[in-house]
Amino acid sequence: MSDVRIGVYVCHCGKNIGGVINPAKVAEHAGKLPNVVISRDYVYMCSSPGQLLIEEDIKKYNLNRVIVAACSPRMHEPTFQGVLKRAGLNPWLLQMVNVREHDTWVHENVPEKAEEKAKDLVAAAVARAAHLYEINTVRAPVVKSAVVIGGGIAGIRASLDLANAGIKVYLIEKKQSIGGKMAQLDKTFPTLDCSQCILTPLMVDVSRHPNIEIYAYSEVVDVSGSAGDFKVKVRLKPTYVDWSKCTGCGACVEKCPGRAPKEFDEGLGVRKAIYFEFPQAVPRRPVIDTEHCLWFTKGICKVCEKVCPVGAIDYKQVERYVELNVGAIVVAIGYELYDLSKLSEYGYGKFKNVISGLQLERLSSADGPTRGKILRPSDGKEPKTVGIVLCAGSRDENHVKYCCRFGCAAAIKHVYYIKHALPDAKVLVFYTDVRAFGKGYEEFYQKFRSEENVFFIRGRPAEIFEGRDGSLIFDVYDSNTNQLINVRADLVVLEGAVVPPKDWEPLRRILKVSCDPGGFALELHPKLRPFETTSDGIFLAGAIQGPKDIPDTVAHAAAAAASAIGFLAKGYVESVPYLAVVNEDLCSGCSLCVPICPYGAISVSEKEGKRVAKVDVIKCKGCGACAATCPSGAMQQNYFTDKQVLSEVVVLAGGAK
Amino acid sequence: MSGGEFEPRIVVFACNWCSYAGIDLAGTSRIKYPHNVRIVKVMCSGRVHPEMVLKALEEGADGVLITGCHPGDCHYISGNYKAMRRYLLLKKLLGELGLSDRVRLEWVSASEGERWARVSSDFVEHIRKLGPLRLKEVMEGE
Amino acid sequence: MSKFLLFLGCTIPTKQYSYEISVRNVLPKLGVELVDFPESGCCGFPLKGLNKKAWIYMSARLLSLASKKGLPILALCNGCDTSLRKIKDLLMHDKDLREEMAKLLSNEGVKLDINAKVYHTLEVLHDFVGVERIKSLVQRPLKGIKVASYPGCHMLRPSDIPRPEDPVEPRKYDSVIKALGAEVGYYPDKGGCCGATLLPYSAKHALLIVASKLKTIKEYGFSAVSTSCPYCMEMIDAKQDAARSEVGDEDISIPVFYLTQLVGIAMGLKPKELGLNLNVSPVEGVLDRLGVSLYE
């Protein structure tokens, strides 16, 4: 291996690395190792002068391997691979050493040990680098279409952006109408625009766009293929109405005798057994709820069939499946409210007058169960005192640890709802902190906190009791005034915690997307790549990446769409570099690797009178399971060959030489 | 091993998608764990060849920790199940040599920085109690 | 057939005989075998604030004696139940304390063993006998009687050790009462204190607690109260009169029953078999409505 010429570059990352260990010493140690031609340290290796330093060294010292000891390869591997490319080297001759995340950030309490560890890790990389070789990836074409999962404001915005860029979009929505949570809101903060008024035009745009096809009342059940060429299997749930015939006239809904609690009104209102989700539904097509339909439950009625002028009712409809071939997938399934009945001390679900913020939105909405009047559910009377509890379940070790990011602003908006509808009412807002962080939010907060009969009290209510008349009695310790306050309220509104939707867990397993500690989708990088995932071609839009208010959701969705457009516009995807490769001289054709491959990428066939394994480079995803199985070492994985990994292991097991 | 307390030397195999990311998260969250662990990245825990584990022990490691995605979460569908089956067979083999206590398989997801800190601390303490292996010194001595 | 060591504690054999009478007559009819525990003593709970070690010793002794017999303890009193489980938890997690107690216990020839399981009356009724079984044995449904369950604070707290009921949302108690055909319902501060522990320090405030509790219960339309703690019973049953004088002779009288008494009434047992003649509160009204004479 006399032709191996290694350059080692140790980054200080400012004080992140340099403040714990001495990078110069690590570089000096590396300089004495075999094949190392040059070793240096620099304050910010990823900066433009840092990159230039490596680039010039490659030319000057005729380097053919580069080791960068800096942050995680998940952060800057592509950056430094770019440096190699610019200097005319194959990018896979780079070896990153993670001395920040895996060393200085976690061992700063024992700096000598951290330095010893850094030297070890660099030495292992030097040993490994000798066995690196050039890897050339192949390119496969990209299908210029996308699936957007979820038709809330995030999915709507992402679909429109993709479609306007000339990309065919399939929008999958689990409910019968797009619109999502935003459609349920009365107004939006801090501008107090009518939510429906700004949302419905967009919903109509989606339904009319020639590049968008909506699959409502549908769900994704399987995804196969890979980035650029996904096969997405969609289940169309039976609606018992032939939507291709239906005109949305609503005659069936009008005549239906069946009744059920209205989901769109958060259980406060009543709907029919055949129903539109809400008046402005897109697509405006009804669905039969088989649990409450008299035909499905008792075998009588059939009124809807009789009144339908176009004969669209079809009681025998069954579920259907379609397979969509797309290049990219945008996940925009949003969030769900935490089950507030788990906060048993607040009595939600037990006491009628303890309601969620979303229920208050419905009460305040002109198309809601009370036609926009704020009345308490127990007796329909106007509440005189209203308590609003912030962080109900959020920022709570026993429930959800993180912040919901819109509860504070929503609560201020709810103060407005109540004061606007009931000017004489007294409003008590119980907060932990008021986080009015967005554009215009602080001004919004200042405006309403100074209103007459509005009190912001810093404290969380203790156990809530219900009085004989349905009023709610509780104590709150006000930490600002160091007083225990006894409260009697007619209505209590809980600004609840936010969690990922229930269908996220099965979906993320289908998509192979990791999740964060809160269960939300894990982005590729929290700051730099917050709308991409570790799976190429799968993008995140909106609250599924973490709780967001509407402005943030829209910005995030547009960014996800732009990122997906960029991915699709490139026109090709590169095969993974970590492909399995066969040494045909060693392969005996034993076929052990064939069933091990989860993608069916390996076949064994006759070649020059000998049976040998063959890898399909498009199907192979680069897991390396076959290489771990091969008894002769004929099957190897690019960038993770036995030699490469073992040379690293030997050094790490034996310690710094 | 020059005086002082015995500091075990642990080689860790971490899959790229879950465990390596989880270990990174421990870093970004500044969660402390013992310095004794040396991490080797592989794309999938299913890539870990038994020879890699044996080589680590042979070359001086006092313990080997294999980490992968939780069951059902594998980026490559089923690599972690393959890793588990290989691990159970390997444990049998190591048992014959009296070494089965020195290798462990753990699931660490990309969000489990804290779990990684716990898993690694536990394993380091476990190996510290077992004492040094020094297979290489013994073999070279023979 | 479940078998339990019947642990009475101190309050029951000294002033709350009706609890013991009803337990001894009701539980065997539900398929529960009770074994006497004559060598038992105090659980030590009242010593908690005075001499912590003595408290731990008393409960550790009981646990060891029960473990030797290989039977689970049935603790009738909320305080005994809490004390035994707390000590079990303390000893389980503290090696030094375990060693110290083992040494002390060896002086009286007892080997420390904290494996004995501890259950409260409510758990035996709800978890072992089961609501369905109780329902099937009801001969005299408590129809039209709305019973306020009052579990008592130690059935709910402290929540760091296993408790028979959910601290904020007690459910088991009401489900047993419902099985008897009675109505149940919500009233504020169901999980609150009965005032018993306050009694030696400020009788006035303790009685005020009793009065306000009974007042709320009456306001919410209940016709009876049920508890299964002798301390709570002592307060809300025997001290009704005393409490009334603290609130200006307002009418707060309401019949109070042990849970086992209610189960016994519904199963058709005679009032004497349940010790109902020993209850101080006016229980006759409820019995009359069921067509039962207190002195039959």
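Quantities reported herein were computed from a predicted structural model and do not represent experimental measurements. (Residues numbered from 1 in each chain as written. Chains lettered and ligands numbered in written order. Predicted model: local features only at pLDDT ≥ 70, side-chain atom pairs only at ≥ 80, totals over all residues. Heavy atoms only, no water.)

As for the interface of chain A and chain C
Each partner contributes residues to the interface: chain A has 10 residues there, and chain C has 7 residues. For the chain A face of the interface with chain C, the top three residues by lost area are Ser344, Phe465 and Arg468 of chain A, together amounting to 57%. There are 1 salt bridge connecting chain A and chain C. Lys350 of chain A is the partner of Glu169 of chain C in a salt bridge, and the nearest nitrogen-oxygen pair spans 3.4 Å. In this assembly, chain A and chain C are joined by 6 residue pairs in polar contact (both at pLDDT 80 or more). Here the residues of the side of chain A that touches chain C sort into 3 nonpolar, 2 polar and 5 charged. (Contact = heavy atoms within 4.5 Å. Buried area = accessible area lost by both parts, 1.4 Å probe. Salt bridge = Lys/Arg side-chain N within 4 Å of Asp/Glu carboxyl O. Polar contact = N/O pair within 3.5 Å; in protein donor to acceptor, adjacent residues only side chain to side chain. Nonpolar A, V, L, I, M, F, W, Y, C, P; charged D, E, K, R; others polar.)

Focus: empty space enclosed by the protein
If a probe as big as a water molecule is rolled over the atoms, it shows which places are left empty. This model, assessed by the stated rule, comprises 8 cavities of 30 Å³ or more. Space inside the largest cavity adds up to approximately 270 Å³. Residue lining of the largest cavity: 20 residues in total, with Gln95, Met96 and Glu648 of chain A together with Tyr20 and Ile39 of chain B positioned closest to the centre. At the level of elements, helix H4 (73–86), strand S4 (94–98), helix H6 (111–129) and helix H19 (642–654) of chain A together with strand S2 (37–42) of chain B are the ones that each hand at least two residues to the lining of the largest cavity. Of all the elements, H6 of chain A adds the most residues to the lining of the largest cavity, at 5 residues. (1 Å grid on protein atoms, 1.4 Å probe; cavity = no way out; pocket = protein on both sides within 12 Å on 5 of 7 lines; lining within 4 Å. Points joined across faces, edges and corners; volume = space filled by probe spheres on them. Helix = DSSP H or I, 4+ residues; strand = E, 2+ residues; numbered from the N terminus.)

Focus on the domain arrangement of chain C
Residue and element names in this part refer to chain C. Domain assignment breaks chain C into domain 1 (2–120) and domain 2 (131–289). Placing a centre on the C-alpha atoms of domain 1 and another on those of domain 2 gives a separation of 24 Å. Taken together, the contact pairs 26 residues of domain 1 with 33 residues of domain 2. For the domain 1 and domain 2 pair, buried surface summed over both sides reaches about 2,400 Å², with 65% attributable to carbon and sulfur atoms. Taken as a group, Gln16, Leu30 and Asn78 account for 23% of the area that domain 1 buries against domain 2, more than any other trio of residues on that side. The interface formed by domain 1 and domain 2 holds 2 salt bridges in total. Residue Lys86 is joined to Asp160 by a salt bridge in which the shortest nitrogen-to-oxygen separation is 3.3 Å. For the pair domain 1 and domain 2, the number of links is 12 residue pairs in polar contact (both at pLDDT 80 or more). (Domains from an automatic or database assignment.)

Description of the environment of Tyr187 of chain C
Residue and element names in this part refer to chain C. With respect to the helices, strands and loops of the structure, Tyr187 is situated in the loop between helix H9 (172–179) and helix H10 (203–219). Residues Tyr187 and Glu296, spaced 109 residues apart in sequence, show a C-alpha to C-alpha distance of 34 Å. Sequence-distant contacts of Tyr187, defined by excluding residues within four places in its chain, comprise Ala148, Ser149, Tyr150, Ile217, Tyr220 and Phe222. Here Ser149 takes part through its backbone oxygen, which lies 2.9 Å from a polar atom of the side chain of Tyr187.

A word on the interface of chain A and chain B
Chain A puts 56 residues into the contact, and the matching count from chain B is 51 residues. In total, about 4,500 Å² of surface goes out of reach between chain A and chain B, with carbon and sulfur atoms giving 59% of it. Joining chain A to chain B, the criterion identifies 7 salt bridges. Of all the secondary-structure elements, those providing two or more residues to the side of chain A that touches chain B are H4, helix H5 (100–104), H6, helix H15 (504–511), helix H18 (625–629), strand S34 (635–637) and H19 of chain A. The biggest single contributor to the side of chain A that touches chain B is H19 of chain A, with 9 residues.

Here we look at helix H4 (residues 113–130) of chain B
An α-helical turn contains 3.6 residues, so a residue and the one three or four places further along point in the same direction. Spanning 18 residues, H4 of chain B covers 26 Å between terminal C-alpha atoms, matching the ideal 26 Å at 1.5 Å per step. Within the span of H4 of chain B, buried status applies to Gly113, Trp116, Ala117, Val119, Ser120, Phe123, Val124, His126, Ile127 and Arg128 of chain B. (Expected span 1.5 Å × (residues − 1). Buried < 20%, exposed > 50% of the residue type's maximum accessible area, 1.4 Å probe, protein only.)

Concerning the sheet that holds strand S29 (residues 538–540) of chain A
All names here are of chain A. Read from one edge of the open sheet, 5 strands run S10-S7-S6-S18-S29, paired in parallel fashion. Taken across any chain shown, the strands that pair with only one partner, and hence form the sheet edges, are strand S10 (212–215) and S29. Each strand axis lies, on average, 20 degrees off the axis of its neighbour in the sheet, ignoring direction. In terms of strand pairing, strand S6 (residues 145–149) meets strand S18 (residues 328–331) through 4 bridges, oriented parallel. Residue Val147 lies in a different strand from S18, and its bridge partner there is Ile329. (Pairing = 2+ DSSP bridges. Axes fitted to C-alpha atoms, helices over the stretch in contact; angles between N-to-C directions.)

Details of the state of the cysteines
Taken as a whole, this structure holds 2 disulfides over all chains when the rule is applied. Here Cys18 of chain B engages in a disulfide with Cys69 of chain B; their sulfurs sit 2.5 Å apart. Between Cys18 of chain B and Cys69 of chain B the sulfur-sulfur dihedral comes to about 100 degrees; the bridge is accordingly right-handed. Pair noted here: Cys18 of chain B is in the loop between strand S1 (10–15) and helix H1 (19–28) and Cys69 of chain B is in the loop between strand S3 (63–68) and helix H3 (79–97), with a separation of 51 residues, a long-range link. Judged on exposure class, the residue Cys18 of chain B and its partner Cys69 of chain B are both buried. Sulfur of Cys620 of chain A: no disulfide; nearest cysteine sulfur belongs to Cys626 of chain A and is 6.4 Å away. (Disulfide = S-S within 2.5 Å.)

With respect to the sheet that holds strand S25 (residues 472–478) of chain A
Residue and element names in this part refer to chain A. Strand order in the open sheet formed by 3 strands is S24-S25-S26, with antiparallel pairing between adjacent strands. The sheet is open, and its two borders are formed by strand S24 (465–466) and strand S26 (483–489), each paired with just one other strand. As judged from the 2 bridges shared by S24 and S25, these two strands associate in the antiparallel manner. Residue pairing across strands places Phe465 opposite Ile473, the latter belonging to S25.

Points about the packing of aromatic side chains
The geometry of an aromatic ring pair comes down to the distance between the two centres and the angle between the two planes. Residues and elements named next belong to chain A. Scanning the entire structure with this criterion turns up 32 aromatic pairs over all chains. Both rings, one in Phe189 and one in Tyr441, keep their centres 5.3 Å apart while their planes meet at 85 degrees; by these two values the pair is edge-to-face. Pair noted here: Phe189 is in the loop between strand S8 (187–188) and strand S9 (193–194) and Tyr441 is in helix H14 (residues 441–449), with a separation of 252 residues, a long-range link. Under the relative-accessibility criterion, Phe189 is labelled buried at 11%. Exposure remark for Tyr441: the relative accessible area of 4% places this residue in the buried category. With 5.6 Å between their ring centres and 40 degrees between their planes, Trp295 and Tyr315 make a pair best called tilted. With Trp295 in helix H10 (residues 294–298) and Tyr315 in the loop between helix H11 (303–307) and strand S17 (320–326), this pair connects stretches of sequence that are 20 residues apart. (Phe/Tyr/Trp six-rings, centres within 6.5 Å; stacked < 30°, edge-to-face > 60°.)

Some details on the pattern of salt bridges
Evaluation of the coordinates by the stated rule reveals 67 salt bridges over all chains. Of the charged contacts, one joins Arg9 of chain B and Asp120 of chain A as a salt bridge, the two residues approaching to 2.9 Å between their closest N and O atoms. Separated into two different chains, Arg9 of chain B in the segment before S1 and Asp120 of chain A in helix H6 make up a pair that spans both. For the pair formed by Arg9 of chain B and Asp120 of chain A, the shared burial category is buried. A salt bridge links Asp120 of chain A to Arg38 of chain B; the shortest N-O distance between them is 2.9 Å. With Asp120 of chain A in helix H6 and Arg38 of chain B in strand S2, the pair connects residues from two separate chains. What makes Arg38 of chain B buried here is its relative accessible area of 4%. What emerges from the salt-bridge pattern is a single network uniting Glu505, Arg508 and Arg509 of chain A together with Asp73 of chain B.

Concerning the packing of helix H4 (residues 78–93) of chain C against helix H5 (residues 95–106) of chain C
All names here are of chain C. Remark: H4 packs on H5, axes separated minimally by 5 Å, with the N-to-C direction vectors making an angle of 110 degrees. Overall, the two elements H4 and H5 adopt an arrangement that is roughly perpendicular. Contacts between H4 and H5 involve Leu90, Leu91, Met92 and His93 from the former and Lys95, Leu97, Arg98 and Met101 from the latter. Looking at the contact of H4 with H5, its residues break down into 5 nonpolar, 1 polar and 2 charged. (Parallel < 35°, antiparallel > 145°, perpendicular 65-115°, else oblique.)

Remarks on helix H11 (residues 230–238) of chain C
With 7 of its 9 residues buried, H11 of chain C lies for the most part within the structure. Considered for burial, the residues of H11 of chain C that qualify are Pro230, Cys232, Met233, Glu234, Met235, Ile236 and Asp237 of chain C.

Some points on the nonpolar core
In this structure, Val8, Ile54, Val66 and Val68 of chain A together with Phe13 and Ile66 of chain B are the most contacted members of the largest nonpolar core, which totals 86 residues. In terms of residue count, the dominant contributor to this core is H6 of chain A (9 residues). Lining this core are residues from two domains, each supplying at least three of them: domain 1 (6–135) and domain 5 (580–638) of chain A. Discounting residues that sit within four places of it in the chain, Val8 of chain A has contacts with Ala30, Val36, Ile38, Ser39, Arg40, Ile67, Val122 and Val126 of chain A. Of all hydrophobic cores here, the second largest spans 70 residues; its members include Ile145, Cys194, Leu207 and Met267 of chain C. (Core = buried A, V, L, I, M, F, W, Y, C linked by side-chain atoms within 4.5 Å.)

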